[in-house]
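Understanding the architecture of this molecule
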Amino acid sequence: MLRSPTPENLVQLCSTLFSTGQDLEALRLALEVVSSHPDDLPLTTAAAGVISKHTARHDIVATLLRSVLLREPHDIRAQSFLAYTLIAGGDLAGGIALFSEMMARHPGERTSLCEYISVSLLNAGYPLEALQVLFHWVTDGEVTAALLNNMGCALERLGRSAEALPWYEKALTMAPDNQAIAFGYALTLLKAGNFRDGFARYVDRPPRTDDEWWFLSLPRLRHGDDVAGKKIILYQEQGLGDTIQFIRSVPYLLEQGAEVTIAVPAGLVRLLAQSFPDVSVRSIAEFGREDGYSYAAPIPDLPFIAGVMSESDIPAHIPYLRADADDIARFAAVLPARRPRIGLVWAGGRRVMSEDVAADKRRSTTPAEMSAALCPVDATLVNLQFGPPRAEIEAWQGQPLFDPMGDVRDMADTAAIMGSLDLIISVDTSLVHLAGAIGRPVWLVSRWDACWRWGDEGDSSPWYPTMRVFRAREKSFAPVLREVGEALHKWVETWQAD
């Protein structure tokens, strides 16, 4: 690579390193290759691209792009990429100023630049600003499928899903084979409450997984397929929360006479095995090739397969996941005796890819913000935070926060802890789904651009009868957390033990 690099093989090797968790090695390789070939501008641009895709190191990407522009100051692609990077890194004024300069200097490129500006604002969490730009442009300028898609996306993120649908439909008229637009349209249909059309379109997506599992070659199970006496694999796709939310429809397949195998990450195996004793639950990482299976399906396809056409079709058997009684007793013995006990989660699992980092920032708060809003409260507070953000517990202030998560092996253990809690308060992450699936009272602190499954409005969810939804209306979680804090103090005053 160092002797004879090309943009293509640099991207390929660095992508492989990133995808296998060797982020530092990938970053070092990209920078070493660029420093060894400083005059190879396509190579530098490729390095910036692969780093931008797989990390949130906007500072490094901006430095690489500025080095390209020193040699090619009129390279509009590098300029656009730099403006996007500045906005993604938090320099909104700098990015917009650069875009404005390009709009003035390159009038023939204004349509594509408007596409770039709007998607930059959307990805950085500025949908209202993106909407203002787009409304101005579509009134007098050239309209493209990308601009129409961005309009739909902005409206959906602002909680105006019904208004977003016609824009997606116009975009699909112009680009009927565009999978990204079709997927956004499906999610917006679902968010608007149109489950019939939304799930029918949702299952047309390619499985959103980077792993080449052997069972992906099996026919994909669809609604209406005859499964009596057939062996079926249901496999993990997208997040753990999706698996927990949709696995409730497994009994539908069992009732149809199917023999079901569930392939999921190791952390879910024990919980699902004790919740569905009539199915085989396997670790997806250790699931070797086997014969005899007729179909496979990603777990998020299950609502469509089971015929969920409206809210009234959602399986109402709560709880459908169950903690082990011995595990519940084991954790109950170490929890503080004082009640009520309230479990807290302030962040999703930390990720490294740029797009995922931006999503994590939108859905996560901090222990300092949460403690300031909730404390002091006449209750025992219990940490349920998992993953790297658990280390942030040192920033907790206000009153003691009991932390049993050091003894947690998997989701089954977390469910067991929840079995002894009286309320769970969490941002939008997998533990919200877990609490709802086992039937515990749970308060969701939803981000301002709420996920499709929580809809545009309302304080309840048809998916989880024990859930109360608190909706942020701005980027900061501080106002909605104050609302949660006020509700919590009232809840504690009237709480009574079961």
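Since we're looking at a predicted model, the values are computed, not measured.

With that settled, consider the packing of helix H8 (residues 127-140) against helix H9 (residues 145-157). How two helices pack is summed up by the angle between their axes together with the distance between the axes. Where H8 contacts H9, the axes come no closer than 9 Å and their chain directions differ by 140°. Classified by the angle between their axes, H8 and H9 sit oblique to one another. Crossing handedness for the pair H8 and H9: left-handed. For the pair H8 and H9, contact is made by Pro127, Leu131, Leu134, Phe135, Trp137 and Val138 and by Leu147, Asn150, Met151, Ala154, Leu155 and Arg157, respectively. Looking at the contact of H8 with H9 residue by residue, the classes come out as 10 nonpolar, 1 polar and 1 charged.

Applying the stated criterion across every chain yields a total of 0 disulfides. There is no disulfide at Cys451, and the cysteine sulfur nearest it, in Cys153, is 13 Å away.

The strand order across the open sheet built from 6 strands is E7-E6-E5-E8-E9-E10, with neighbouring strands paired in parallel fashion. Looking at strand neighbours, the two that pair on one side only are strand E7 (401-402) and strand E10 (467-471), the edges of this open sheet. Sheet analysis places strand E5 (residues 341-345) next to strand E8 (residues 423-427), joined by 4 bridges and oriented parallel. Note that in E8 the partner of Val345 across the bridge is Ser426. On the sheet, helix H21 (residues 430-437) packs against E5, E8, strand E9 (442-446) and E10 and is oriented at approximately 155° with respect to E9.

Its 14 residues place the ends of helix H2 (residues 23-36) 20 Å apart at the C-alpha level, agreeing with the 20 Å of an ideal helix rising 1.5 Å per residue. Every buried residue of H2 is listed here: Ala26, Leu27, Leu29, Ala30, Val33 and Val34. Projection of H2 onto a plane perpendicular to its axis shows the buried side chains occupying an angular sector of 160°, all on one side. In H2, the exposed positions that point more than 90 degrees away from the buried face belong to Arg28 and Ser35. Packed against the buried residues of H2 are helix H1 (7-19), helix H3 (41-54) and helix H4 (58-71).

The rules we used
Chains are numbered independently. Their residues run from 1 in the order of the written sequence. Totals for whole chains, interfaces and linings use every residue, but because this is a predicted model, local features are given only for residues with pLDDT of at least 70 and side-chain atom pairs only at 80 or more, for both listing and counting. Side-chain measures were taken over the full set of non-hydrogen atoms in the model, leaving aside hydrogen atoms and water. Axis geometry follows a simple rule: fit a line to the C-alpha atoms, using only the stretch in contact for helices, then measure angles between N-to-C directions, giving values from 0 to 180 degrees. To qualify as a helix, a DSSP run of H or I must reach at least 4 residues; to qualify as a strand, a run of E must reach at least 2; elements of each kind are numbered from the N terminus. Orientation is classified from the angle alone, with under 35 degrees giving roughly parallel, over 145 giving roughly antiparallel, 65 to 115 giving roughly perpendicular, and any other angle giving oblique. Left-handed describes a crossing in which the near helix is turned anticlockwise from the far one by less than a right angle; the clockwise case is right-handed. Residue contacts are counted whenever heavy atoms from the two residues lie within 4.5 Å of one another. Gly falls in the polar group here, along with every residue not listed as nonpolar (Ala, Val, Leu, Ile, Met, Phe, Trp, Tyr, Cys, Pro) or charged (Asp, Glu, Lys, Arg). In what follows, a disulfide is any cysteine sulfur pair within 2.5 Å. DSSP bridges decide pairing: two strands pair if at least two such bridges lie between them. To estimate how far a helix should extend, the number of its residues minus one is multiplied by 1.5 Å. The buried label goes to any residue with under 20% of its type's maximum accessible area, the exposed label to any with over 50%, and the partly exposed label to all in between, with areas taken from a 1.4 Å probe on protein chains only. Relevant arc is that of directions from the helix axis to the C-beta atoms, nothing else.

Such coordinate-based values are descriptive only and should not be taken to indicate function.
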